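Read off the chains here:
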Amino acid sequence: MSSAATTERYSGIAIALHWLLALAILGAFIVGVYMSDLPVSPQRLKLYNWHKWAGICILALSALRLLWRLTHRPPADVAMPEWQRRSAHAVHILLYLLFFAVPLAGWAYSSAAGFPVVVFGVLPLPDFVAPSKELAEAIKPLHKILAFTMAALVLAHVAAALKHHFVDGDGLLSRMRPGRG
């Protein structure tokens, strides 16, 4: 029997949260990079709002995912060298931290810059920090650094999963694949 056939899968909810969060992060990152170079225009303002909405959704999905993870045991690790296991766990911890840090830094930047976050144009959120031009100028690069750090870790995460699946043949990727195992 192949190792892929014997590898325990994540729960359907864990898989759904993983892929929803992955798509939301990818979308928010692409919009964020694209909008930052646009001249001031109605299109840029619309994209900034979409980006902020995505950030709040990412924050909510992250909270749900963390709650699910803390209350539901994941499958056992596949066989791998100890350094890979430790690296994988470190990357997962850093990703979880960034799932919260990136949108919170964005919300803080928006608040400090004096631009309220109004989710989907109907749900105004309180300012995360008081308006301050100096604080906004300090937070903006932090948000960008955190976002690009998360992007780099996501790429490392994807590369490692693909390596395990295609090179090692250990069934790791099948554990998080949508659909039935």
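Colleague: Describe in detail helix 4 (residues 82–112), supporting the description with residues and values.
Modeller: Here helix 4 spans 44 Å end to end across 31 residues, near enough to the 45 Å set by a 1.5 Å rise per residue. Leu 98 marks where helix 4 bends most, by close to 25 degrees. Downstream of helix 4 by a residue or two, Gly 114 has a phi angle that is positive, lying close to 85 degrees.

Colleague: Give me the packing of helix 2 (residues 12–36) against helix 3 (residues 42–71): which residues, what numbers.
Modeller: Between helix 2 and helix 3, whose axes approach to 9 Å, the crossing angle comes to 155 degrees. Our classification of the angle between helix 2 and helix 3 gives roughly antiparallel. Judged by the twist between their axes, the crossing of helix 2 over helix 3 is left-handed. For the contact of helix 2 with helix 3, the residue count by class is 18 nonpolar, 5 polar and 2 charged.

Colleague: Outline the packing of aromatic side chains, listing residues and values.
Modeller: In the structure shown here, the tally under the stated rule is 4 aromatic pairs. The interplanar angle of 75 degrees and the centroid separation of 5.1 Å between the aromatic rings of Phe 29 and Phe 148 together place this pair among those described as edge-to-face. Of this pair, Phe 29 sits in helix 2 while Phe 148 sits in helix 5 (residues 133–168), placing them 119 residues apart in sequence. Using a relative accessible area of 25% as the deciding quantity, one classes Phe 29 as partly exposed. For Phe 148, a relative accessible area of 41% corresponds to the partly exposed category.

Cut-offs and rules
- Along each chain, the written sequence defines residue order, and numbers are assigned to residues from 1.
- Reporting of local features is limited, given that this is a predicted model, to residues whose pLDDT is at least 70; pairs of side-chain atoms are given and counted only at 80 or more, and all residues count toward the totals for whole chains, interfaces and linings.
- As a rule here, side-chain values cover all heavy atoms of the structure and leave hydrogens and water aside.
- Counting from the N terminus, the helices are the DSSP runs of H or I reaching at least four residues and the strands are the DSSP runs of E reaching at least two.
- Expected helix span is given by 1.5 Å per residue-to-residue step, counting one fewer step than there are residues.
- What is called the bend at a residue is the angle between a pair of axes, fitted to the seven residues leading up to and ending at it and to the seven starting from it.
- Axis angles are defined between N-to-C directions and span 0 to 180 degrees, where every axis is a line fitted to C-alpha atoms and, for a helix, only to the segment in contact.
- To sort the angles, those under 35 degrees are grouped as roughly parallel, those over 145 as roughly antiparallel, those from 65 to 115 as roughly perpendicular, and the leftovers as oblique.
- Handedness of a helix crossing follows the sense of rotation of the near helix relative to the far helix, less than a right angle counterclockwise being left-handed and clockwise being right-handed.
- We call Asp, Glu, Lys and Arg charged. Ala, Val, Leu, Ile, Met, Phe, Trp, Tyr, Cys and Pro are nonpolar, and the rest, Gly among them, are polar.
- Aromatic rings from Phe, Tyr and Trp, taking only the six-membered ring of Trp, are treated as a pair when their centres fall within 6.5 Å; an angle between ring planes under 30 degrees marks them as stacked, one over 60 as edge-to-face, and anything in between as tilted.
- Partly exposed residues are those whose accessible area sits between 20% and 50% of the maximum for their type, while under 20% is buried and over 50% is exposed, using a 1.4 Å probe and protein chains only.

Limitation: the analysis is restricted to geometry and does not speak to function.
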